[in-house]
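Fold and contact review
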Amino acid sequence: MSVPARAELEKILTDESFALLDEGGNKVQGFNATVTGDSQAYHIRGRSRLGYEFKVKLSWKGSFGGKEVSGELDIQDLDSSDLDGFDVRPKPKNADSKSAAEALKKGARPAVKKAAEMLSQRLLARSG
């Protein structure tokens, strides 16, 4: 399950319709994602579940505060058993991108959590 799960999460995070941050005229999206780690499908009490422990590296770009922004983002511990316990570590590419990187620390968490939930739904729909 690891290879299709990593590929699907990369696809979700870099999809045109998926934004890491989209509020108040500011929009930041991911591109060029790399996901590493392991994934397994489980059947617990008659229900299929997807278990995984991933590391995510993602490039981001967009507009923030009227400026073009970009950078990199790391998530070291995206774990299906604790989707509230991961840290988003954005790194700005330049000075103009610093405020966007700060906003992504908290602002990207709900988007990444949503991406993880979409991953489980898509893969379990295929295998179920």
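Residues numbered from 1 in each chain as written. Predicted model: local features only at pLDDT ≥ 70, side-chain atom pairs only at ≥ 80, totals over all residues. Heavy atoms only, no water.

- As annotated in an unreviewed UniProt entry, the protein chain carries the name Activator of Hsp90 ATPase AHSA1-like N-terminal domain-containing protein and is attributed to Durusdinium trenchii.
- Entered under Sequence similarities (unreviewed entry) in the UniProt record, the comment concerning the protein chain runs "Belongs to the AHA1 family." (UniProt positions renumbered as here; feature names shortened; annotations may be inferred.)

1. Some details on the side chain of Ser120
- Mapped onto the fold, Ser120 is located in helix H2 (residues 98-127).
- Residue class for Ser120 comes out buried when judged on its relative accessible area of 18%.
- Not counting the four nearest positions on each side in its chain, Ser120 is found in contact with Leu50 and Tyr52. (Helix = DSSP H or I, 4+ residues; strand = E, 2+ residues; numbered from the N terminus. Buried < 20%, exposed > 50% of the residue type's maximum accessible area, 1.4 Å probe, protein only. Contact = heavy atoms within 4.5 Å.)

2. Looking at the packing of aromatic side chains
- Under the counting rule described, the total for this entry stands at one aromatic pair.
- Consider the rings of Tyr52 and Phe54, whose centres lie 5.1 Å apart with planes at 10°: the pair is stacked. Across the pair, Phe54 and Tyr52 agree in class, each one buried. (Phe/Tyr/Trp six-rings, centres within 6.5 Å; stacked < 30°, edge-to-face > 60°.)

3. Let's talk about the UniProt feature "domain: Activator of Hsp90 ATPase AHSA1-like N-terminal" (unreviewed entry) in the protein chain
- What UniProt calls "domain: Activator of Hsp90 ATPase AHSA1-like N-terminal" (unreviewed entry) maps, in this numbering, to residues 6-124.
- Here residues 6-124 is 30% helix and 48% strand, with 14 Å between the C-alpha atoms at its ends.

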